[in-house]
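Structure at a glance
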Amino acid sequence: MTSNIVIITEIRQMNSREDICFLINSLFEAGSYGASRYERLTNDSRRRLRQLLEMHCRSIEEAEDLSTRKSEYFSQIYQPRCPRLFKFDADYMLDPAFLKCFKIQKQDDGQIRKVIVNTVMVQAHVEDMGNSLFSLPLISSEFCKDLIDEIKHLQKDNDASKYITGKLNSMNPLTNISIKDIGLSDVIDKFIELFIKPISNLLFSGVFTQLENQHSFVVQYQIGKTVDLALHTDNSDITINICLGEEFEGGEIYFGSLRGENKTANIDNEIKKEYKHKLGRGLIHLGAHLHGARKITSGHRYGLIIWAYSKAVRSSYCPCCRHYNRIRTNTEDIAQCICQPSFQLTTNNKK
Ligand SMILES: O=C(O)CCC(=O)C(=O)O
Ligand SMILES: [Fe+2]
């Protein structure tokens, strides 16, 4: 008999219909002992699991339906304050120093055809803070200002404001605004595809050759509301954290060890680096890097957080404990994991 604790953890990590299918397939697939994981559970465990699965599926479906309604509202009804934000334009969006890190080839109509990283300029403009943590100029001050003005405009609009608050990451539930909901996903997708992917490929020495997906949001910190963020790791493969402004004091971001590297019980001893946000400048770090944000002491802080995903990297770690390649056996498809006797990697990668 296997314990269902592992499966319960997997259920809690489901975020989409795709995740539900992935989990259900893995529950009913014949395992290395012949019987599926589901068949190896007691009747009682199966009953509890079914209830939990149903509840979680319902909440995912409700969240997805709400997300569709939001997208419809923002694409069809909402009148943006700054329409320029919604169409990708590298010269408007990106910091001139960041643009210098690339050779950009354009088509006759001005669209970008190809972007090649300029290694010498990357060395000049990107600060390597160690432990796969990089700081660099990313976004123009004009784009930062327009995005904050758009957020303020959204928050004043009765209909729009109803849609923009919600639980986006489990840590800062009330004040985050989803980039997808407000119709800025295409802009962020292009930014990742054209610029973040090639520069990450260079900075992380070829680990992130592809970044197929993203989940992005604007975070806000304000006295009397959310002022800080506890130490955590992100559900991302790499995170891009950009300071949008406005005026604020405090709010430094601090970093500890990488997930799994942490050996001491006292997490405060682990803090290794601190970074002071600067307008338009950002950090690129591994999602597995422990980090948190210090209290702001005055003002209002906005940040653009991009969680980027790589299918190849995701399929190399256990979806349950999220550690990389715990122990691999020689058997082609099986990786051993402390979470359960065997974690089956399928070719059907998640996300
Ligand atoms: O506020 C920040 O700069 C960090 C935010 C963050 O780490 C997160 O939302 O995951
Ligand atoms: Fe984070």
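Here the structure is shown first, and the text comes after it.
Because the structure is predicted, anything quoted here is derived from the model rather than measured.

Here we come to the nonpolar core. With 62 residues, the main nonpolar core has F98, F191 and F195 as its most contacted residues. For this core, the element with the highest residue contribution is helix α9 (residues 185–203), accounting for nine residues. Contact partners of F191, with chain neighbours within four places excluded, come to F88, M93, L94, F98, L138, I139, I196, I242 and I306. Counting residues in hydrophobic clusters, the runner-up holds 13 residues, among them I20, L23, L27 and Y38.

Looking now at the site of ligand 1. For ligand 1, the set of nearby residues contains 15 residues, the closest of which are Y221, D234, N241, H291 and R301. At 2.6 Å from an oxygen atom of ligand 1 is found a side-chain nitrogen or oxygen belonging to Y221. Side-chain polar atom of D234 to an oxygen atom of ligand 1: 3.1 Å apart, as the coordinates give it. Considering ligand 1 on its own, with 300 Å² of exposed area, one finds that the protein chains cover 99% of that surface. The set of elements that each furnish at least two residues to the shell around ligand 1 consists of β6 (213–222), β7 (229–232), β13 (289–293) and β14 (296–309).

A regular strand places its side chains on the two faces of the sheet in alternate fashion. One ladder, built from three bridges, connects strand β3 (residues 127–130) with strand β4 (residues 133–137); its direction is antiparallel. In the strand pairing of β4, G130 is matched with L133. Taking the residues that link successive antiparallel strands as the turn, the β3-β4 hairpin has two residues, and the phi of N131 there is positive, at about 55 degrees.

We now examine the pattern of salt bridges. Using the criterion set out here, one finds 12 salt bridges in the structure. The salt bridge partner of K197 is E193, with a shortest N-O separation of 2.9 Å. With K197 and E193 both in helix α9, this residue pair falls four residues apart, about one helical turn. Given a relative accessible area of 13%, K197 falls into the buried group. A relative accessible area of 42% places E193 in the partly exposed class. Put simply, E252 and K276 hold a salt bridge, and the shortest N to O gap is 3.9 Å. Of this pair, E252 sits in the loop between β9 (248–250) and β10 (253–258) while K276 sits in the loop between β11 (273–275) and β12 (281–286); the two residues are 24 residues apart in sequence, bridging distant segments of the chain. Residue E252 is classed as buried on the basis of its relative accessible area of 17%.

Every α-helix carries 3.6 residues per turn, so stepping three or four residues along brings you back to the same face. For helix α3 (residues 43–77), spanning 35 residues, the distance from its first C-alpha to its last is 50 Å, which sits close to the expected 51 Å at 1.5 Å a residue. Turning to α3, its buried residues number three or more, namely S45, L49, L53, H56, C57, I60, S67, K70, Y73 and F74. In this structure, the buried residues of α3 make contact with α1 (5–12), α2 (17–28), α7 (141–156) and α8 (158–164).

To continue, consider the packing of aromatic side chains. Under the counting rule described, the total for this entry stands at 13 aromatic pairs. Centroid distance F98 to F195: 6.0 Å. Interplanar angle 50 degrees. Geometry classified as tilted. Remark: F195 occurs in helix α9 and F98 occurs in helix α5 (residues 96–99); sequence separation between them is 97 residues. For F98, a relative accessible area of 0% puts it in the buried group. Taking the relative accessible area as the measure of exposure, F195 reaches 0% and is therefore buried. An aromatic cluster is built from F88, F98, F102, F191 and F195, whose rings are joined through pairwise contacts. Positioned over the ring face of Y92 is R84, at 4.0 Å from the centre of the ring. Over the ring of Y254 we find R294; its NZ or CZ atom is 4.1 Å from the centre of that ring.

Packing of α1 against α3 brings their axes to within 10 Å, and their N-to-C directions diverge by 5 degrees. Relative to α3, the element α1 lies roughly parallel. Listed contacts from α3 to I7, I8, I11 and R12 of α1 are R48, L49, L52, L53 and H56. Across the contact of α1 with α3, the residue classes break down as six nonpolar, one polar and two charged.

Parameters at a glance
- Along each chain, the written sequence defines residue order, and numbers are assigned to residues from 1.
- Labels are handed out in written order, letters beginning with A for the chains and numbers beginning with 1 for the ligands.
- For this predicted model, a pLDDT threshold of at least 70 governs which residues receive local features, and a threshold of 80 or more governs which side-chain atom pairs are given and counted, while totals over whole chains, interfaces and linings are taken from all residues.
- Only hydrogens and water are set aside; all other atoms, that is, all heavy atoms of the structure, feed into the side-chain values.
- For our purposes a nonpolar core is just a set of buried Ala, Val, Leu, Ile, Met, Phe, Trp, Tyr and Cys residues, chained together by side-chain atoms within 4.5 Å.
- Here the term buried applies to any residue with accessible area under 20% of the maximum for its type, exposed to any over 50%, and partly exposed to those in between, with areas from a 1.4 Å probe on protein chains only.
- The helix count covers DSSP runs of H or I at least four residues long, the strand count covers runs of E at least two residues long, and both are numbered beginning at the N terminus.
- The criterion used for residue contact is that any of the two residues' heavy atoms lie within 4.5 Å.
- Nearness is defined per residue: one heavy atom within 4 Å of the molecule or strand is enough.
- For the purposes of these results, a polar contact is taken to be a pair of N or O atoms within 3.5 Å, where, inside protein, one atom must be able to donate a hydrogen and its partner to accept one; residues adjacent in sequence count only when each atom of the pair is a side-chain atom.
- Each accessible area is a Shrake-Rupley estimate made with a 1.4 Å probe; only the visible protein chains count as cover when residues are assessed.
- Pairing between two strands requires that DSSP report at least two bridges joining them.
- Only one rule defines a salt bridge in this text: a Lys or Arg side-chain nitrogen within 4 Å of an Asp or Glu carboxyl oxygen.
- By definition here, a helix of n residues has an expected span of 1.5 Å times n minus one.
- The aromatic pairing rule takes the rings of Phe, Tyr and Trp, using the six-membered ring of Trp, and pairs them if the centres are within 6.5 Å, calling planes under 30 degrees apart stacked, those over 60 edge-to-face and the rest tilted.
- Sitting over a ring, as applied to charges here, requires NZ of Lys or CZ of Arg to be within 6 Å of the ring centre and within 35 degrees of the ring normal.
- Note on method: axes are straight lines fitted to C-alpha atoms, helices fitted across the in-contact stretch only, with angles between N-to-C directions ranging 0 to 180 degrees.
- For classification purposes, angles smaller than 35 degrees are called roughly parallel, those larger than 145 roughly antiparallel, those between 65 and 115 roughly perpendicular, and all remaining angles oblique.
- Asp, Glu, Lys and Arg are counted as charged, while Ala, Val, Leu, Ile, Met, Phe, Trp, Tyr, Cys and Pro are counted as nonpolar; the rest, among them Gly, fall into the polar class.

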